[in-house]
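# Structure at a glance
If you want the building blocks of each chain, they are given just below.
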Amino acid sequence: MAVKKTKERKVSKKKTTQLFQSPKGMHDILSNDQPFFLKIRQVGEKIADVYNFSKIDTPILEQRAIFERAVGESSEIVEKQMFAIKGKQDNELVLRPEGTAPIMRSYLQHSLGHFSQPLKLFYEGPMFRHEQPQAGRFRQFHQLGFEIIGADDPIYDAQIILLTTNLLEELKFKKTSIQINSIGCPNCRQGYKKKLVNYYRDKQSVLCADCRKRLAINPLRVFDCKNERCEGLKKEAPIMLDNLCHPCSNHFKLVLEYLDEMPLPYILNFSLVRGLDYYNRTVFEIFSDEFNFALGGGGRYDYLSQMLGGPKVPAVGVSFGIERLVEVMKVKNIEGVIVKKPKVFLIQLGNQAKRKSIKILKALYGAGIKTAEALEKDSLKAQLKAADKKRVDFALILGQREVLEDIIIIRDMKTGAQETVAINKVVDEIKKRI
Ligand code: HAM
């Protein structure tokens, strides 16, 4: 007997170690966290409605070539972080790492330019990047994004930044800051890139291998590098703002003037370039004190449409990392959506009562009365205990006698007072009491 027990224990231990886990950097969102996610989605929808944005959903899978062209072959995202689905090489599908390029793909595919412009679209959903997981950085995460497509007026850059701060205010975030920069257009960036390459010419030996490669393919990407050695060199590097052409300089000046007009505070960050190639002119990121990750980021992308084979369509947008917003909410004790507790608990005693209970539940659910139960339990004691735990206002007790007489007991859980009512009146009686 003793030997058998040991064997059983061994088997169950083996079973535990074999339990499947979610993939690295990808998480289940359990019910404790859902109220935070729901709150962010609700606030996102409210802001979208006030600012007149319409919802768009795009597939989770897209063609790899979209991101190669839009985000850039030399970007971290395309070079190292794409999850690919095995398929034909020339039409390879990837899990989307971001939402802006797919939305522009959809805009062009469905000729959305024929609708009155600018078109304001918002979205929410999972994104995938094969990163090294750490605080606020996951392989599957969710973004809430807003895009204004078909407008190059700097007032829209200001409007997107206003929306960004409004959304954070609505979530009751305090002490957030917007860092902003302009990275010009392909014309003025040409001269700037030459200056940058010149600056780094005699510093190649200090740069990391990735940055040496970046300098040859896309010099601006050296600003994305987090390597300590490269960080130090960035400080003395020439800055884009000093090298903007007249139209870009004027555009950025107007964006800042609109922000001053509201007024909305901002911090100029000369080394902010954003890690995605489709940006031009205004780029910005949002931070919260105490956290060293960006809550959101965005900017103008007037050439993205052309990168995807379409006409020139100026646009500007922003997206937030929902998990990062949730993290701030938790640390700062900001509540998620308040989930209402059930008002009623149905107790059934005996086979006939259990059979009848499904019809009573149907009536209660149908009337929108949130009802808890423990239908697998048989004893009154166990079910009353469960009702107590749920902190309901009323327990409905259905026993053998009640079934035979077509009645049910309503027990007030606070006072312990009990009343008997006809089963077909129970919904109305409960409605009167709650
Ligand atoms: P992004 O800066 O790559 O921009 O991502 C936007 C936000 O998504 C980040 O600020 C961050 O909060 C969140 N995020 C990014 N990567 C991760 C990760 N691995 N784990 C958790 N959160 C993450 C874009 O994606 C652009 N599409 C934004 C945009 C919209 N630009 C114009 N319109």
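Now for a look at the structure at hand. Position numbers for residues count from 1 along each chain, tracking the sequence in the order it is written. Per-residue local features are limited, in this predicted model, to residues with pLDDT of at least 70; the limit for side-chain atom pairs, both in listing and counting, is 80 or more; totals at the level of whole chains, interfaces and linings are taken over all residues. Only hydrogens and water are set aside when side-chain values are computed; all heavy atoms of the structure are taken into account.

In the vicinity of the ligand lie 27 residues, with E98, T100, E131, E147 and Y279 positioned nearest. For the purposes of these results, a polar contact is taken to be a pair of N or O atoms within 3.5 Å, where, inside protein, one atom must be able to donate a hydrogen and its partner to accept one; residues adjacent in sequence count only when each atom of the pair is a side-chain atom. The separation between a nitrogen atom of the ligand and a polar side-chain atom of E98 is 2.6 Å. In this structure, a nitrogen atom belonging to the ligand sits 3.0 Å away from a side-chain N or O atom of Y278. Using a 1.4 Å probe, the Shrake-Rupley method yields the accessible areas, and only the shown protein chains count as cover for residues. Within the complex, 96% of the 660 Å² of free accessible area of the ligand lies under protein. Among the secondary structure elements, those contributing two or more residues to the shell around the ligand are β6 (140-149), β10 (294-300) and β11 (315-321). Only DSSP runs of H or I covering at least 4 residues are called helices, and only runs of E covering at least 2 are called strands; the numbering of each starts at the N terminus. In terms of residue count, the dominant contributor to the shell around the ligand is β10 (six residues). Residues are grouped as follows: Ala, Val, Leu, Ile, Met, Phe, Trp, Tyr, Cys and Pro are nonpolar; Asp, Glu, Lys and Arg are charged; every other residue, Gly included, is polar. Residues that form the shell around the ligand fall into these classes: 10 nonpolar, 10 polar and seven charged. If even one non-hydrogen atom of a residue comes within 4 Å of a molecule or strand, that residue is called near it.

Before going further, it helps to examine helix α10 (residues 246-261). Expected span of a helix, by definition, is 1.5 Å for each gap between consecutive residues, and there is one gap fewer than residues. Taking 1.5 Å of rise per residue, the 16 residues of α10 would be expected to cover 22 Å, and the 22 Å separating its terminal C-alpha atoms lies within 8% of that figure. Per-residue accessibility, obtained with a 1.4 Å probe over protein chains only, is compared with the maximum for each type, and a residue is labelled buried under 20%, exposed over 50%, and partly exposed between these values. Looking only at α10, the buried set comprises C248, H251, F252, V255, L256 and L259. In an axial view of α10, the angular spread of the buried residues amounts to 130 degrees, which keeps them on one side of the axis. Away from its buried face by more than 90 degrees, α10 exposes H246 and E261. Here the buried face of α10 lies against α6 (154-170), β7 (176-182), α7 (186-201), β8 (267-268), β9 (280-288) and β10. Comment: arc refers to directions from the helix axis out to C-beta atoms. The contact criterion used throughout is that any non-hydrogen atoms of two residues lie within 4.5 Å.

What follows covers the sheet that holds β10. In a beta sheet, neighbouring strands are held together by backbone hydrogen bonds and run either parallel or antiparallel to one another. The strand order β1-β5-β6-β11-β10-β9-β7-β8 describes an open sheet built from eight strands, whose pairing is mixed. Edge positions in the sheet fall to β1 (54-55) and β8, since each has one partner strand and no second. DSSP bridges decide pairing: two strands pair if at least two such bridges lie between them. Bridge count between β1 and strand β5 (residues 119-128): two bridges; the pairing is parallel. Paired with S54 across the bridge in β5 is L121.

A few words now on the packing of aromatic side chains. Pairing of aromatic rings covers Phe, Tyr and Trp, the last through its six-membered ring, and needs centres within 6.5 Å; plane angles under 30 degrees mean stacked, over 60 mean edge-to-face, and all others mean tilted. Applying the stated criterion across every chain yields a total of six aromatic pairs. Look at F53 and F146: their rings are 5.5 Å apart centre to centre, the planes differ by 85 degrees, and that puts the pair in the edge-to-face class. You can see F53 sitting in the loop between α2 (34-50) and β1 and its partner F146 sitting in strand β6, a full 93 residues away along the chain. Feature note: the residues F53, F122 and F146 constitute an aromatic cluster, connected by ring pairs. Geometrically, a charge over a ring is one whose NZ (Lys) or CZ (Arg) sits within 6 Å of the ring centre while staying within 35 degrees of the ring normal. Across from the ring centre of Y199, 4.0 Å away, lies the NZ or CZ of K203, which sits over that ring.

Another aspect to go through is helix α16 (residues 426-433). Among the residues of α16, those classed as buried are V426, V427, E429 and I430. Buried residues along α16 cover an arc of 165 degrees about the axis, so they all sit on one side. Where α16 is buried, its residues meet β12 (344-348), α13 (351-366), β14 (394-398), β15 (407-412) and β16 (418-422).

Along the polypeptide, R96 turns up in the loop between β4 (93-95) and α5 (100-109). It is D57 that comes nearest to the buried, bridge-free R96 among opposite-charge side chains, at 6.5 Å. From its side chain, R96 meets the backbone oxygen of T58 in a polar contact 3.2 Å long. Excluding residues that lie within four positions of it along the chain, R96 makes contacts with T58, P59, I60, F67, G125, P126, M127 and F128. For this count, His and the chain ends are skipped, Lys and Arg are scored as positive, and Asp and Glu as negative. Between Lys or Arg on one side and Asp or Glu on the other, a salt bridge is scored when a side-chain nitrogen of the former is within 4 Å of a carboxyl oxygen of the latter.

With that settled, consider the side chain of R189. Examined against the element boundaries, R189 turns out to sit in helix α7. If sequence neighbours within four positions are ignored, R189 has contacts with I183, G184, L220, M240, Y279 and N280.

This part is about a positive patch on the surface. A grouping of K377, K381, K385, K389 and K390 is seen on the molecular surface, where their side chains present a positively charged patch. Tracing the backbone shows K377 in the loop between β13 (371-373) and α14 (380-389). Exposure above 30% relative accessible area and no salt bridge define the residues that can form patches, which grow by joining like charges within 9 Å and nonpolar side chains of Val, Leu, Ile, Met, Phe, Trp and Tyr within 5 Å. Where a charge lies is defined by one atom per residue type: Lys uses NZ, Arg uses CZ, Asp uses CG and Glu uses CD.

Quick look at the pairing of β12 now. Burial of β12 is extensive: five of the five residues sit out of reach of the surface. Residues of β12 alternate between two faces, with V344, L346 and Q348 on one and F345 and I347 on the opposite face, all of them buried. When β12 meets β13, the two strands line up parallel, connected through three bridges. The partner of F345 across the bridge, within β13, is A372. Looking down the strands as they point away from the viewer, one classifies a crossover as right-handed if the path from the first strand across the helix to the second runs clockwise. With α13 bridging β12 and the parallel β13, this β-α-β connection has right-handed handedness. As judged from the five bridges shared by β12 and β14, these two strands associate in the parallel manner. Residue pairing in the sheet places F345 in a bridge with A395 of β14.

Before going further, it helps to examine the environment of P314. Considering the arrangement of structural elements, one finds P314 in the loop between α11 (304-307) and β11. On a C-alpha basis, the gap between P314 and I180 in space is 19 Å, while along the polypeptide they are 134 residues apart. Beyond its immediate chain neighbours, meaning those up to four positions away, P314 contacts I148, I149, G150, A151, D152, R300 and D302.

Moving on: the sheet that holds strand β3 (residues 84-85). Read from one edge of the open sheet, three strands run β2-β4-β3, paired in antiparallel fashion. The open sheet terminates on both sides in strands that have one partner only, identified here as β2 (61-63) and β3. Where β2 meets β4, three bridges bridge the pair, whose relative direction is antiparallel. Paired with Q63 across the bridge in β4 is L93.

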